[in-house]
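So the chains spell out like this:
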Amino acid sequence: LMDATATIEGNSILSTAPGTGAMDGYPAGHGIHVQTSTDVICRGNQIDGAQHAGISFLWVLRGQILENTVRATGFGDGGAWGFGDGIQVVGADGEVRVEGNLLGQHDRCGLLADQSQVWAVDNEIAANEYALVVQNDGQLLADDNHVQDNLVDETVAYDDSVLQVF
């Protein structure tokens, strides 16, 4: 059952990469990772230097990712799954709203919608390999995002994914 709820707010998470000092001796990972939960709110956090994704929602039923600053994920891991995304939403069973976030300097993409329905509104997405990626039958509804200086500024849709830009 997906009955756990969470509010994650106002945290500062600096570097989860091995060899950077802050996390030496601990396994590398996501800045914030939420799995198998309902009605999750992730707001006002600062994540800088996560080795995997800055914010990861996996199998979340309804959620909001609001007003976070997420920078510099991936550390040259070549875009392997789970590495180098600012925000990734994977396998969500309900809509996840991603709004008002600052996403920059990621090895792969600012925002990934994978097997999920994501509504992305008014995010600043800059200096990533890709701005927005939707894949594996995901749905990405993008409205009024500010996208610039990515290697690929256009949204990339793979497989039978649905993309709507307003």
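See above for the structure.
Every value quoted in this text rests on a predicted model; they were computed, and no experiment measured them.

A. Highlighting the nonpolar core. Residues Ile-55, Phe-57, Ile-65, Ile-87, Val-89, Leu-111 and Leu-140 are the most contacted members of the largest nonpolar core, which totals 28 residues. A per-element tally of this core places strand β15 (residues 130-135) first, with three residues. When residues no more than four places from it in sequence are discounted, the contact partners of Val-89 are Phe-57, Ile-65, Val-96, Leu-112, Ala-113, Asp-114, Ser-116 and Val-118.

B. Here's a closer look at the side chain of Asn-123. With respect to the element layout, Asn-123 can be found in the loop between β13 (117-121) and β14 (124-126). Residue Asn-123 is classed as buried on the basis of its relative accessible area, which comes to 0%. A polar contact is formed between the side chain of Asn-123 and the backbone oxygen of Val-98, at a distance of 3.0 Å. Excluding its chain neighbours within four sequence positions, the residues that come into contact with Asn-123 are Val-98, Glu-99, Gly-100, Asn-101, Asp-144, Asn-145 and His-146.

What counts, and at which threshold
Residues numbered from 1 in each chain as written. Predicted model: local features only at pLDDT ≥ 70, side-chain atom pairs only at ≥ 80, totals over all residues. Heavy atoms only, no water. Core = buried A, V, L, I, M, F, W, Y, C linked by side-chain atoms within 4.5 Å. Buried < 20%, exposed > 50% of the residue type's maximum accessible area, 1.4 Å probe, protein only. Helix = DSSP H or I, 4+ residues; strand = E, 2+ residues; numbered from the N terminus. Contact = heavy atoms within 4.5 Å. Polar contact = N/O pair within 3.5 Å; in protein donor to acceptor, adjacent residues only side chain to side chain.

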